[in-house]
Amino acid sequence: MTQAVDIAIVGAGMVGAALATGLGQAGLTVAVIDRAPAPAFDPEAAPDLRVSALSAGSERYLQSLGAWPGIRAMRATPYRRLAVWDETPHPLSRLWSGRLAQVTFDATEVGASHLGHIVENSVTQQALWQTAQAQPSVTLISGHGVDGIHQDRHQATVSLDNGQQIHARLVIGADGAHSRVRTLAGIGVHRDQYHQQALVISVRYQGPVADITWQGFHPSGPRAFLPLHSAGPRHPGESWASLVWYDAPEQLARLQRLDDASLLAEIQRAFPRDLPPLTHLDARASFPLARQHAKRYFAGRVVLAGDAAHTINPLAGQGVNLGFQDAQCLQAMIREALREGSDLASPTWLGRYERQRRPANRRMMAAMDVFYHVFSNRIPPVHLARNLGLGAARALPFARNQVARYAMGLQEDLPAVLKPITARLPGLGHL
């Protein structure tokens, strides 16, 4: 009931499984622990509710791990355009057509074939489980959780709920926003709850697979459309999509009580006119929104990655992209420690990981909060300013393309157009 490895990873979601693959490819012995089994894939099944907009940067990382072909063999929908606009009604709006203030990011303007792919989280996770299992030095332990972590000068011991113990030189917590590893390591978090919640709805619509994802910003919150794959021969002429409706908790509770037909009618009425005709509602779920950042990324022989270290507003689906960037950086630091013959839990290398990733994650948090604070504000001068800002972005391709490259993971620094705004946002100083 005892196993000794170089690294124990708690959490076999997308980030944990990516780390297991990359570290296994580096020749390290890895144990991956998760309560849940690997998700199954049924090509005939409806899409999962949880989807992510994988950036071009994440795609390159998944290619390097050998997971991208597996994802494409299952389901991945490229999007070439991303549009945002303000749907807030106000007398000042009469000065413009709403669509004059629309900004559309186009892959062709940055010399790319696409901006990213919309992929079901379970598809990405399964492809990464397959690549992890292909590494002889990686062991997957599913169906069991972590009871405790004990650290000493030479190793950490992870105790599982079945009595098994894993001895490791380093423990990586990739077990999500409510990380048990983070708690056991005594690492606190800064947390801010947003006033909105999100309702995610999986639907079919009449029409071909779209190549655009969009968000219309309403006074109560944005409403978003994420294109998915064709519905296949059983539903000719139809395609799948994921819709996200951000609103006050009481409004989403009301929507959740509606039957499918009534909710479809409500969506068709309340969403922007760009929404194609809906034909079927498959599933729905709502969840609260919070911004959270660990006070530190490592403690002794424990280090955090992905949602265990940070969660952001999901407006642009960037959470998993940040997690993959964590994984890439942490892998690089561990490989350098290995090459130098250093302790894998050396504060030198783990500190370098935190110094690289904390500012980068904070920048994306700030960028998402720009949208949240600016577009959830109904004060007339702010409404005027944001429409002017959208109009300026529409007219200035250089600024627009900077933002696009940042969202694609091809530019690390925050675009210059966003820096003065994020510097004045409340609540970010402690992050």
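These numbers were taken from a predicted model, which means no experiment stands behind them.

## Observations regarding the packing of aromatic side chains
Part 1 of the argument: Here the structure, examined in full by the defined rule, presents 6 aromatic pairs.
Part 2 of the argument: When the ring of tyrosine 205 is compared with that of phenylalanine 225, the centres are 5.7 Å apart and the planes differ by 65°; the resulting orientation is edge-to-face. Taken as a pair, tyrosine 205 in strand E12 (residues 189-206) and phenylalanine 225 in strand E14 (residues 221-230) lie far apart in primary sequence, 20 residues in all. This pair shows no difference in class: tyrosine 205 is buried, exactly as phenylalanine 225 is.
Part 3 of the argument: An aromatic cluster is present here, built from Tyr205, Trp214, Phe225, Trp245 and Phe271 joined pairwise through their rings.
Part 4 of the argument: Positioned above the aromatic ring of phenylalanine 287 is the side chain of arginine 50, whose terminal nitrogen or guanidinium carbon lies 4.6 Å from the ring centre.

## Topic: the pattern of salt bridges
Part 1 of the argument: With the rule as written, the count across this model stands at 14 salt bridges.
Part 2 of the argument: Residue glutamate 266 is joined to arginine 254 by a salt bridge in which the shortest nitrogen-to-oxygen separation is 2.6 Å. Linking glutamate 266 in helix H7 (residues 260-270) with arginine 254 in helix H6 (residues 249-257), this pair joins segments that are 12 residues apart in sequence.
Part 3 of the argument: Residue classification places glutamate 266 among the buried residues on the basis of a relative accessible area of 15%.
Part 4 of the argument: Where arginine 301 meets aspartate 343, a salt bridge forms, and the shortest distance between an N and an O atom there is 2.7 Å.

## Concerning the sheet that holds strand E4 (residues 77-79)
Part 1 of the argument: Ordered in space as E3-E7-E4, the 3 strands form an open sheet in which the pairing is antiparallel. Of all strands in the sheet, those with a lone pairing partner are strand E3 (51-55) and E4, marking the two edges. The average angle at which neighbouring strand axes cross in this sheet is 30°, direction not considered.
Part 2 of the argument: Pairing of E3 with strand E7 (residues 116-120), which is carried by 5 bridges, proceeds in the antiparallel orientation. Looking at E7, one finds that valine 51 is bridged to glutamate 120.
Part 3 of the argument: Against the sheet, helix H4 (residues 121-133) makes contact with E3 and E7, and its axis sits at roughly 90° relative to E7, the strand it touches most.

## A few points about the side chain of histidine 229
Part 1 of the argument: Looking at the secondary structure, you find histidine 229 in strand E14.
Part 2 of the argument: Relative accessible area serves as the criterion here: at 16%, histidine 229 is assigned to the buried category.
Part 3 of the argument: With near-sequence residues (within four places) excluded, histidine 229 lies in contact with Pro47, Arg75, Thr77, Glu120, Val209, Ser239 and Trp240.

## Examining the packing of helix H1 (residues 14-25) against helix H8 (residues 319-340)
Part 1 of the argument: At a minimum axis distance of 9 Å, the contact between H1 and H8 shows a crossing angle of 25°. One finds that H1 runs roughly parallel with respect to H8. With respect to the hand of their crossing, H1 and H8 are arranged in right-handed fashion. Contacts from Met14, Val15, Ala18, Leu19, Gly22, Leu23 and Gln25 of H1 reach H8 at Val320, Gly323, Phe324, Ala327, Leu330, Gln331, Ile334 and Arg335.
Part 2 of the argument: A class-by-class count of the residues in the contact of H1 with H8 yields 10 nonpolar, 4 polar and 1 charged.

## As for H7
Part 1 of the argument: For H7, the set of buried residues is Leu263, Leu264, Glu266, Ile267 and Ala270. On an axial view of H7, the arc spanned by its buried residues comes to 165°, and they lie on one face. Away from its buried face by more than 90 degrees, H7 exposes Ala261 and Arg269.
Part 2 of the argument: Turning to H7, the residues buried within the fold contact E12, strand E13 (212-218), E14, strand E15 (238-247), H6 and strand E16 (278-294).

## Quick notes on the sheet that holds E12
Part 1 of the argument: Read from one edge to the other, the open sheet built from 8 strands follows the order E6-E5-E13-E14-E15-E12-E16-E19, with strand pairing classed as mixed. Both edges of this open sheet fall to strand E6 (103-106) and strand E19 (310-311), since each of them pairs with a single strand only.
Part 2 of the argument: Bridging between strand E5 (residues 81-86) and E6 involves 4 bridges; their strand directions are antiparallel. Bridge pairing links leucine 82 to phenylalanine 105 in E6.
Part 3 of the argument: Running over the sheet, H7 touches E12, E13, E14, E15 and E16 and is turned about 70° from E16.

Rules used throughout
Position numbers for residues count from 1 along each chain, tracking the sequence in the order it is written. Given that this is a predicted model, residues contribute local features only at a pLDDT of at least 70 and side-chain atom pairs are listed and counted only at 80 or more, while totals for whole chains, interfaces and linings are drawn from all residues. Side-chain numbers come from the whole structure's heavy atoms, not from hydrogens or water. Pairing of aromatic rings covers Phe, Tyr and Trp, the last counted by its six-membered ring, and requires centre-to-centre distances within 6.5 Å; plane angles under 30 degrees mean stacked, over 60 mean edge-to-face, and any other angle means tilted. Helix and strand labels come from DSSP, where a helix needs a run of H or I of at least four residues and a strand needs a run of E of at least two; each type is numbered from the N terminus. Each residue is placed in one exposure class: buried if its accessible area under a 1.4 Å probe, protein chains only, is under 20% of its type's maximum, exposed if it is over 50%, and partly exposed if it falls in between. By definition here, charges over rings are those cases where NZ of Lys or CZ of Arg is within 6 Å of the ring centre and within 35 degrees of the ring normal. Throughout this description, the term salt bridge denotes a Lys or Arg side-chain nitrogen within 4 Å of a carboxyl oxygen of Asp or Glu. Only when DSSP finds a minimum of two bridges between them are two strands counted as paired. In this analysis an axis means a line fitted to C-alpha atoms, helices contributing only their contacting stretch, and an angle means the value between N-to-C directions, from 0 to 180 degrees. Between two residues, a contact is recorded if the distance between any of their heavy atoms is within 4.5 Å. Orientation is classified from the angle alone, with under 35 degrees giving roughly parallel, over 145 giving roughly antiparallel, 65 to 115 giving roughly perpendicular, and any other angle giving oblique. Crossing handedness is read from the near helix: turned anticlockwise from the far helix by less than a right angle, it gives a left-handed crossing, and turned clockwise, a right-handed one. Residues are sorted three ways: Asp, Glu, Lys and Arg are charged, Ala, Val, Leu, Ile, Met, Phe, Trp, Tyr, Cys and Pro are nonpolar, and all the rest, Gly among them, are polar. The arc in question is the one spanned by the directions pointing from the helix axis to the C-beta atoms.

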